[in-house]
Amino acid sequence: VKVVVTGAAGQIAYSLIPRLVDGKTFGDKIVDLCLVEIPQVVSKLEGMVMELEDSYFPQMGNVTYTDNFEKASHDADWFLLVGSIPRGIVYEGKKIEERSDLLKINGGIFVNQGKAIGENGKDNAKILVVGNPANTNALIGRNAAGKDSQLWMAMTMLDASRAKSVISKKAGSNISDVKNMVIWGNHSPTMYPDIENAVINGQPGSVVIRDMDWVENSFLPTVQQRGKSVIDARGASSATSAAKAALDTIIACENITEDGDCFSAAVASDGAYNVPEGLICGYPLITLADG
Ligand code: NAX
């Protein structure tokens, strides 16, 4: 399996990349990695490759790095689009503070990456957009790719894992006892973690959690604002948890979903649940035997 990772010198990637080849995420498949960065930092990836070589990963295949996404995209099965330009940095001499400027820059990046994926990626490639604004970037990339057989997702798994953690503490159960955790909408503070349809110890969330005051005034804001809370506490945004969520999304796509469970990602709406067609929206998803 060939996996392309952008933003490969960033903090999420440092946690993510070794675990792509550790024999757990893709089982016993040999994993070829193509790591992509912007020209200014691409040389740092030499150090990442050295560390991968030194880590004893029997499932690791060919590892390359480049600043040329188009070249990286050929015949890839998975694209993990982690790199994007964040708000607040100075880009081409200008501090990027306005959402419109951010969208303009990332729009350009994701148009080019999308086109390359559509032209060169495998017909059944899966694309997970982690870089923010994730839903918008996925929409831009998918439209540019123009290939319906490829699956574009914006990551909401981290929001689902955060919600499971909060619910399991409230219910006094293990995090693995919380299933069917759906994140509706956008990966942003407007997302809706659906506690009513979650299944907690085999019971509907609406039966187990009856304290609506807690749901509205504690659960929802805690999950919706968790990214900000981590930044405030850590002085940097979520990295290891974001990497784990990306790995969990891959595992959820590569394996048949258990009965009664689902996983979360934002995908292009086909009109289901009255979401406008084509919009990238968080949905409950399952993986069937045919992948
Ligand atoms: P870092 O700033 O540590 O790393 C990002 C890396 O991307 C940098 O090394 C940069 O050079 C590279 N990059 C930028 N544009 C690129 C391009 N066109 N091609 C290749 N590489 C490019 O950020 P990090 O903490 O790793 O976060 C990465 C992204 O994840 C950010 O956009 C962040 O907002 C987003 N997040 C998304 C989450 C989600 O749940 N969907 C949660 C965590 C995180 O906040």
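Above: the structure in question.
From a predicted model like this one, the values you see are computed outputs, not experimental measurements. (Residues numbered from 1 in each chain as written. Predicted model: local features only at pLDDT ≥ 70, side-chain atom pairs only at ≥ 80, totals over all residues. Heavy atoms only, no water.)

Draft legend 1. Quick look at the overall build of the protein chain. Within the protein chain, the secondary structure is distributed over 10 helices and 15 strands. Expressed along its principal axes, the backbone C-alpha trace of the protein chain runs to roughly 55 × 45 × 40 Å. A total of 291 residues make up the protein chain; the buried ones form 46% of that total. For the protein chain, the proportion of contacts with a sequence separation of at least 24, taken over those separated by at least 6, is 68%. (Helix = DSSP H or I, 4+ residues; strand = E, 2+ residues; numbered from the N terminus. Buried < 20%, exposed > 50% of the residue type's maximum accessible area, 1.4 Å probe, protein only. Contact = heavy atoms within 4.5 Å.)

Draft legend 2. The arrangement of helix 1 (residues 11-20) in detail. Regarding helix 1, the residues found buried are Ile 12, Ala 13, Ser 15, Leu 16, Ile 17 and Leu 20. On its buried face, helix 1 is in contact with strand 1 (2-6), strand 2 (31-36), helix 2 (45-53), strand 4 (78-81) and helix 10 (240-254).

Draft legend 3. Examining unusual backbone geometry more closely. That bond from Asn 132 to Pro 133 is cis: its omega, -5°, falls within 30 degrees of zero. By secondary structure assignment, the location of Pro 133 is in the loop between strand 7 (126-129) and helix 5 (134-145). Not every positive phi belongs to a glycine, and Asn 274 is a case in point at roughly 60°. With respect to the helices and strands, Asn 274 occurs in the loop between strand 14 (263-268) and strand 15 (280-285). For Asn 274, a relative accessible area of 76% gives the class exposed.

Draft legend 4. Representation of the site of the ligand in the model. Taken together, 25 residues sit near the ligand, with Gln 11, Ile 12, Glu 37, Val 130 and Asn 132 positioned nearest. Met 155 has a polar backbone atom sitting 3.5 Å from a nitrogen atom of the ligand. A distance of 3.3 Å separates an oxygen atom of the ligand from a polar side-chain atom of His 187. For the ligand, whose free accessible area comes to 880 Å², the fraction covered by protein is 83%. Counting residues per element, the ones that place at least two in the shell around the ligand are helix 1 and helix 4 (99-120). Residue composition of the shell around the ligand, by class: 12 nonpolar, 12 polar and one charged. (Near = heavy atom within 4 Å. Polar contact = N/O pair within 3.5 Å; in protein donor to acceptor, adjacent residues only side chain to side chain. Areas by Shrake-Rupley, 256 points an atom, 1.4 Å probe, with all protein chains shown as cover. Nonpolar A, V, L, I, M, F, W, Y, C, P; charged D, E, K, R; others polar.)

Draft legend 5. Up close: the environment of Gln 113. Assignment of secondary structure puts Gln 113 in helix 4. Placed 17 residues apart in sequence, Gln 113 and Ile 96 show a C-alpha to C-alpha distance of 21 Å. Those residues in contact with Gln 113 that sit more than four places away from it in its chain are Thr 6, Phe 69 and Leu 81.

Draft legend 6. Here's a closer look at the layout of surface pockets. Approximately 670 Å³ is the volume attributed to the second largest pocket. Lys 126, Ser 149, Gln 150, Leu 151 and Gly 291 are, among the 27 residues lining the second largest pocket, the residues nearest its centre. Looking at the lining of the second largest pocket, the elements with two or more residues in it are strand 8 (151-154), helix 10 and strand 14. Among the residues making up the lining of the second largest pocket, the classes are represented as 13 nonpolar, six polar and eight charged. (1 Å grid on protein atoms, 1.4 Å probe; cavity = no way out; pocket = protein on both sides within 12 Å on 5 of 7 lines; lining within 4 Å. Points joined across faces, edges and corners; volume = space filled by probe spheres on them.)

Draft legend 7. Summary view of the pairing of strand 15. Taken across its six residues, strand 15 has five buried, putting it largely inside the fold. Alignment of strand 14 against strand 15, held across six bridges, turns out to be antiparallel. By the bridge assignment, Phe 263 is partnered in strand 15 with Leu 285. (Pairing = 2+ DSSP bridges.)

From the geometry alone we can't say anything about function, so treat these as descriptive.
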